[in-house]
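# Secondary and tertiary structure notes
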Amino acid sequence: MKIRSVLSAAVLAVATTFAATQALAQDKFTLKLAETWGPNFPIFGDTTKRFAETVEKMSDGRLTIRIDSANKHKAPLGVFDMVKAGQYDMGHSASYYWKGKVPETLFFTSMPFGMNAMEQYAWFYHGGGMELMQEVYEPHNMLSFPGGNTGVQMGGWFRKEIKSLEDLQGLKMRIPGFAGEVFAEVGVNPTNIAPGELYTALERNTIDAVEWVGPALDLRLGFQQIADYYYTGWHEPATELQFLVNKRVWERLPADLQEIMRVAMRTASYDMLVHSQHENAKAWANIKQDYPNVQIKQFPEDIFQAMYDANKKLLTEAAEDSAIAKKIIDSQLSYQEQSRAYTDISERAYLNTMAEV
Ligand code: PYR
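The structure contained in this document is the topic of the report that follows. Small disclaimer: the values here were computed from a predicted structure and weren't measured. (Residues numbered from 1 in each chain as written. Predicted model: local features only at pLDDT ≥ 70, side-chain atom pairs only at ≥ 80, totals over all residues. Heavy atoms only, no water.)

Here we take up the sheet that holds strand β5 (residues 156-158). The strand order across the open sheet built from 6 strands is β7-β6-β8-β5-β9-β11, with neighbouring strands paired in mixed fashion. For this open sheet the edge positions go to β7 (189-191) and β11 (295-297), each flanked by a neighbour on one side alone. Pairing geometry for strand β9 (residues 229-231) and β11, over 3 bridges, is parallel. Counterpart to Tyr229 in the pairing with β11 is Gln295. (Pairing = 2+ DSSP bridges. Helix = DSSP H or I, 4+ residues; strand = E, 2+ residues; numbered from the N terminus.)

Okay, structure coming up:
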């Protein structure tokens with residue numbers, strides 16, 4: 001009798017677990033995603049669309065991502081707050097936009113004089129970067145994942161040629177992230193402006209210079225019509241966008257859907273890097289042909305040196321201000337040193353060799 005009741009309890013437990021699993025397997029979820037970008041925004045917006053399509057297909061329709069662009073939610077730079085508060089389940093943006101709220105978030109986009117995309121992805125996925133990013137986002141009730149890389153960004157559009165440090169004094173420039181802090185150290189007035197307002201800001205002289213991304217996205221905004229000097233980059237060698245997920249929403253998803261999300265985010269991110277290369281190459285060919293006014297420039301040596309020194313000083317200060325910032329900076333610098341030694345004898349050596357033949 002006793003054995004029989006134990007057995008029926010066990011059968012009941014198995015049946016209940018099975019029923020629960022079945023119910024879970026059949027449950028459908030819809031996550032609302034707020035992106036910083038406007039509707040049908042190329043490359044960045046293609047990344048969220050690709051992510052959503054992959055999730056839908058891999059989950060056989062059990063998980064749907066509904067994307068709201070900035071025109072809908074009206075808060076392009078408010079994605080962090082909206083996902084943290086649970087107003088949106090997910091976001092797609094750039095971690096350095098939150099530096100005014102949580103300074104440590106800026107390290108996960110791209111750092112001046114820092115790692116290139118290959119090195120930085122290696123740091124995220126194999127060198128402890130993901131763990132550090134989680135440590136920063138966890139107290140804000142969110143998970144953060146790499147959300148697509150632009151590769152090396154261009155250094156920005158200037159209406160006047162920059163020949164010396166003197167030319168930078170008081171210059172109003174749209175430039176986010178740590179590079180904005182570095183520019184401020186050498187006399188620039190940096191500001192961050194949402195993508196949708198950049199052209200008007202430059203055209204109306206609200207700003208004197210603008211840094212956005214690279215040929216594909218810059219051409220679309222039309223800067224080449226109002227600025228002649230296009231500088232090469234030093235400030236964002238591997239700009240990584242970000243997927244944000246509200247932690248409570250994540251925890252409610254069954255494990256298989258979480259894994260589908262992880263795979264879809266990672267695939268969409270790598271894909272953005274190659275998509276960026278493809279579109280930038282095409283757009284640069286167009287700019288060269290259609291806008292002969294555009295001149296490619298590099299900042300002179302003394303400006304580079306001043307920015308390099310300012311960057312070093314600011315990193316030291318950031319590490320003194322925050323233990324977690326110190327951990328991230330130490331991790332990034334030591335990883336970069338080791339990774340770069342290999343990049344030097346592989347990618348760099350190859351490009352140097354090619355330049356000589
Ligand atoms: C920017 O806001 O400048 C980016 O590159 C995303």
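If you trace the backbone, Ser95 turns up in the loop between β3 (90-93) and α5 (117-126). Using a relative accessible area of 1% as the deciding quantity, one classes Ser95 as buried. Look past the residues within four positions of Ser95 in its chain and what remains in contact with it is Thr105, Leu106, Phe108, Thr109, Tyr137 and Gln242. (Buried < 20%, exposed > 50% of the residue type's maximum accessible area, 1.4 Å probe, protein only. Contact = heavy atoms within 4.5 Å.)

This part is about the packing of aromatic side chains. For the structure on display, the rule yields 27 aromatic pairs. With a centroid separation of 6.3 Å and an interplanar angle of 50°, the aromatic rings of Tyr125 and Tyr270 are classed as tilted. Residue Tyr125 is found in helix α5, and its partner Tyr270 is found in helix α11 (residues 255-290); the two are separated by 145 residues along the sequence. Taking NZ or CZ as reference, Arg220 lies 4.9 Å from the ring centre of Phe41, over its face. Above the ring of Tyr125, the side-chain terminus of Arg266 is found at 3.7 Å from the ring centroid. (Phe/Tyr/Trp six-rings, centres within 6.5 Å; stacked < 30°, edge-to-face > 60°. Lys NZ or Arg CZ within 6 Å of the ring centre and 35° of its normal.)

This brings us to helix α6 (residues 129-137). Burial of α6 is extensive: 7 of the 9 residues sit out of reach of the surface. Along α6, the residues that are buried comprise Gly129, Met130, Leu132, Met133, Gln134, Val136 and Tyr137. In this structure, the buried residues of α6 make contact with α4 (79-85), α5, β4 (142-149), β10 (240-246) and α13 (323-356).

The pairing of strand β1 (residues 29-35) with strand β2 (residues 63-68) spans 6 bridges and is parallel. Bridge assignment links Lys32 to a residue of β2, and that residue is Arg66. Note on the crossover from β1 through helix α2 (residues 44-58) to β2: the handedness is right-handed. (Right-handed = clockwise from strand over helix to strand, strands pointing away.)

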